[in-house]
Structures are given as structure tokens and as C-alpha cells.
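Examination of the molecular architecture
These are the residues of each chain, in order.
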Amino acid sequence: MNIADSEKLAAGFTRLGLNETKTMDDATIVVINTCSIRQHAEDRAYSQLGRVRLQKEKRPDLKVAVMGCMVGPKTGDLKRRFPFVDTFARPQDFEPIIELIEGDENDLGGEFWPTTWSIPNGPTAYVPVVHGCDKFCTYCIVPYRRGRERSRPVNEIVREVNWLTNNGAREVTLLGQTVEAFGRDLNDSSEDSPDLGDLMRELSDLPELKRIRFLTSYPKHMTERILKAVADLPKVMECFSLPIQSGSDRILSEMRRGYELKEFREKINLVRSLMPDAGISTDIIVGYPGETEKDFQDSLDVLGEFRFDKVHIAAYSERPGTIAARTTTDDITAEEKSERLQRVEALSEQIGREKNEALLGSTQPVLIEGSRDDQFYGRTCSGKLVHIDVPVRIGEIVDVVIEHTGSYSLRGQPVDTLEALTI
Ligand code: SAH
Ligand code: SF4
């Protein structure tokens, strides 16, 4: 979501006649887009701000803005800590930044958000479809910073994706904190509201668009209707980012996640019965306040049971202002969190390796996303990263034979290259 926000602001700057500079030395304005999800993310923003402060000391006319989730409704503390920052802007509130460069928002073709689109950097692009979050999981800062759920109208999203494909995009990832919430707020009655499947159907009609991805999934909103759309529409990738957060019903209830393990299990079974080859990744938090060794063991057990393709692991980080920060004590020591994190990492690495090994020798259609150091890379339908040593065309879907597998990525050769070698 932050990448999408940064790209939108950059698109606005371009429309107002500004150019991107390679280094801060040549810039008239620097904008730091921040994340607050964990303390570590904030620390990274602080260290960037340290660099900007030095630059501002050298060049007092440099304009400095901070945007994103670090900026709450009250900015007094931030202003005191970072007096050299000229303006603070909340997520997707670009107005103060446009004012800082004395730009007129009307130059951006009316309201900034719906009509200013960025030129994609490559064949893949992110498209927010539902903003904000209404779930208020106890540990999470997002609803406080990004506000209530607001879906974008279907026709506006279709226009944006059409524009993106006219400018080189071949794949879009539809974004929402709980992406299946898309549409629920668009009509008075949820009966007549479009759902994520309807949106995917509309987007599937765009001829230049080859692949549609979506994240993040939320078990409670994953209806059979949406899952059938994912299974039936050939352009929609069978790839799910489905955070579980904990394997203990007690902790899930403490976190106010809104589901029990039983419901999560039913949803995963439904996904796998409709789409046996679906890729499923998850997120897990270790060291939530009061997490016992038994609760933690439950998390390890579900990882063994569900065998996710990838697990994003986070040590619990207390976020001031959240329900957990107000009502619990962050009582698991840093050492204990780190030890649990490593145990989850070891298990998920082993499962990831085994799941990837099963793909050895198979042929996978890979959308080539880019190249780095003479190596090309792209993703399979189920979302696995594939490296390719021979030149392939960026933006094309290439059939690749998988020759090596690791825990986190695959390596292979295009079928065409192998055929040419055998002739
Ligand atoms: N909307 C998504 C996730 C958004 S935040 C969902 O419902 O899961 C991305 C991930 O960051 C979460 O899945 C969670 O694992 C992690 N996270 C969020 N708040 C956290 C916190 N306070 N401490 C540690 N990890 C956190
Ligand atoms: Fe945060 Fe929960 Fe909303 Fe995800 S669903 S963004 S974890 S509050």
C-alpha cells in the first residue's frame, strides 16, 4: 500500500512538472513515506530522517515532508522531535505536500486520488481497491492511521487498470488490508454491492491485462462466491496471502481477530478443494502478550498442519494507542521472542523447501518482471519467485522448466531455450 501511495505522489509531482533526482543533493523536495506497523519500521524512517536533517543543515531551502502511517491526527510530538520537517501528511493525504511545493491540486485534473495515475515501473503494478481497515485487531496500528474501510468504485478501478496496461503493465495486484471487504460499503445493501469476484470479472475483460493478483485475504470475508471467481477466471492467479497470526484460539481471541482456528481451517480447505495447486502464504506474530509456550506450540502445530508456501514472521511490537498497548503488558522478553521467531523460521524454511522441491522438473508459466545483474526474474501463478539465467523478454509469460529449488525461490530455463539446445 505504501509503494502504491509513493507512486501516486510521484505521479502527481510529474504532472506538476517536477523530475525525479537520483540523489538527495539535487532535490528541491524530499518526502519520506513511513510505515508504523512495527517499531523496526519506524526506526528505519528515523534513520532516513537523520540523513535528511544533515542535508537540510547544508541546504536550508530544501523542502522536507513526512507522510504515511507514522503521522497520526496529532503531530505535536513529531514536530518537536523533527523540527526541520516542513510538513507532515497522513496516509494518502497529499494536499499538504502539494501546498508545500506551491502546486495547485486542480492542475492534477481535479481530485488528486482518483485521476492521477503513475506510469508503471515494469510489467507489474499495485492498485489499492479498498482503503483503510475496520477490524481493529488489538495489536495493529493500521485502522488508526488509515481510517475506515472505503472501496473505490468499480468503473474508476477499471479505468485506472486500463490506463496502466496501456502503459506497459501486464499484471495488477489489487490491494486492501482485508481485500475481500471490497465493495461491501459501496451500496446501501450489501446484497446489491459488487464483490471482489465481480471486480475481477470486469478486469478480466481488459485484453492487455494478463494476470490479476490480490492481497491481503481475511478468512471471514472469503466467501465461496469470491473463491469460485478466483478458481474460474483464468487471469486471476491462485495465490493467497492469508495471515493466521496465531495457532492458539486463546491468543486469536485476545487479538480480536474475529475467527477461530476451526473457521480458518474450513476456509483453507475450501481454497484447496477448489484450487489444489493454490499458493498460500501467511503472517504470524510471535510473543503476543501472555503467549505461553503451549500457545506458541499451537502456532508451530498449525504451520505443520497447513504447510504454507511462505511465512512472514514478526515479533510482537507494542504500538502506542492500540487496544493491546492500552490493556496488556508486553511481557515476553526480547530473547524469548527472538527464540520463538527462529523456531518458526526454521520450520517454515523446511516446509518451504519441501514444497518447492515438489516443483522440480515441472514447467511453470512465469511472467518476467525484470532483471538484476544479468539475471531475469518473475513469478509463477502460485507466486513463487523464479530466476532465469538466459535473456527473456520482460513483460512476457514464458514457460520455464524448474531445474533448481530452494526454500525461497526457484531457478529454471525457458522451454524454448532447452528445445534449441537439444536440436
Ligand atoms: N491486514 C492484514 C495485515 C496487515 S499488517 C491482516 O489482517 O493480517 C501486516 C502484518 O504485520 C500482519 O499480518 C502482522 O503479522 C504484522 N503486524 C501488525 N501489527 C503488528 C505488531 N504490532 N507487532 C508485530 N507484528 C505486527
Ligand atoms: Fe490490522 Fe487486523 Fe486490519 Fe489487518 S485486519 S490491517 S491486522 S486491524
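Because the structure is a prediction, the values reported are computed rather than measured.

Time to look at the packing of helix α12 (residues 293-306) against helix α14 (residues 334-357). Between α12 and α14, the least distance of the axes is 10 Å, while the angle of their chain directions is 15°. Compared by their axis directions, α12 and α14 come out roughly parallel. Here α12 and α14 pass one another in a crossing that is right-handed. Mapping the contact onto sequence places Glu293, Phe296, Gln297, Leu300, Leu303 and Gly304 in α12 and Glu336, Arg340, Arg343, Val344, Leu347 and Ile351 in α14. Looking at side-chain class alone, the contact of α12 with α14 contains six nonpolar, two polar and four charged residues.

Inspection of the entire model under this criterion finds 32 salt bridges. Between Arg170 and Glu208 there is a salt bridge; the shortest N-O distance is 3.5 Å. Of the two residues, Arg170 is situated in the loop between α7 (154-166) and β6 (171-176) and Glu208 in the loop between α8 (196-204) and β7 (211-215); the sequence distance between them amounts to 38 residues. In this structure Glu208 comes out as partly exposed when scored by relative accessible area, which is 37%. For Asp309, the salt bridge goes to Lys384, with nearest N and O atoms at 2.6 Å.

Contacts to ligand 1 come from 15 residues, most closely from Gln177, Gln245, Arg257, Asp283 and Ser317. Between ligand 1 and the protein, one listed contact pairs a nitrogen atom with a backbone N or O atom of Tyr139 at 3.0 Å. Between ligand 1 and the protein, one listed contact pairs a nitrogen atom with a backbone N or O atom of Gln177 at 2.8 Å. Sorting the residues of the shell around ligand 1 by element identifies β9 (279-286) and β10 (310-315) as the ones contributing at least two each. Residue composition of the shell around ligand 1, grouped by class: seven nonpolar, four polar and four charged.

Tallying each qualifying case throughout the model produces twelve aromatic pairs. Residues Tyr288 and Tyr316 carry aromatic rings whose centres are separated by 5.3 Å and whose planes lie at 70° to one another, so their mutual orientation is edge-to-face. On the criterion of sequence distance, the pair formed by Tyr288 in the loop between β9 and α12 and Tyr316 in the loop between β10 and α13 (323-327) is long-range, its members being 28 residues apart. Here Tyr288 and Tyr316 have matching classes, each one buried. Pairwise contacts between aromatic rings join Tyr218, Tyr259, Phe264, Phe306 and Phe308 into one cluster. Just above the ring of Tyr46 sits the side chain of Arg81; from NZ or CZ to the centre is 4.3 Å. The ring of Tyr218 has Lys135 lying over it, and the distance from NZ or CZ to the ring centre is 5.3 Å.

Looking now at the pairing of strand β2 (residues 63-68). For β2, the tally of buried residues reaches five of six residues, placing the bulk of the element in the interior. Relative to β2, strand β1 (residues 29-34) is paired through six bridges, and the arrangement is parallel. Residue Ile32 lies in a different strand from β2, and its bridge partner there is Val66. One crossover worth recording links β1 to the parallel β2 by way of helix α2 (residues 39-58), and it is right-handed. In this sheet, strand β3 (residues 87-89) lies alongside β2 in parallel orientation, the contact comprising three bridges. What sits directly across from Met67, in β3, is Ala89. In terms of handedness, the path from β2 via helix α3 (residues 76-81) over to β3 forms a crossover that is right-handed.

About the thresholds
- Residues numbered from 1 in each chain as written.
- Chains lettered and ligands numbered in written order.
- Predicted model: local features only at pLDDT ≥ 70, side-chain atom pairs only at ≥ 80, totals over all residues.
- Heavy atoms only, no water.
- Axes fitted to C-alpha atoms, helices over the stretch in contact; angles between N-to-C directions.
- Helix = DSSP H or I, 4+ residues; strand = E, 2+ residues; numbered from the N terminus.
- Parallel < 35°, antiparallel > 145°, perpendicular 65-115°, else oblique.
- Left-handed = near helix turned anticlockwise from the far one by under 90°.
- Contact = heavy atoms within 4.5 Å.
- Nonpolar A, V, L, I, M, F, W, Y, C, P; charged D, E, K, R; others polar.
- Salt bridge = Lys/Arg side-chain N within 4 Å of Asp/Glu carboxyl O.
- Buried < 20%, exposed > 50% of the residue type's maximum accessible area, 1.4 Å probe, protein only.
- Near = heavy atom within 4 Å.
- Polar contact = N/O pair within 3.5 Å; in protein donor to acceptor, adjacent residues only side chain to side chain.
- Phe/Tyr/Trp six-rings, centres within 6.5 Å; stacked < 30°, edge-to-face > 60°.
- Lys NZ or Arg CZ within 6 Å of the ring centre and 35° of its normal.
- Pairing = 2+ DSSP bridges.
- Right-handed = clockwise from strand over helix to strand, strands pointing away.

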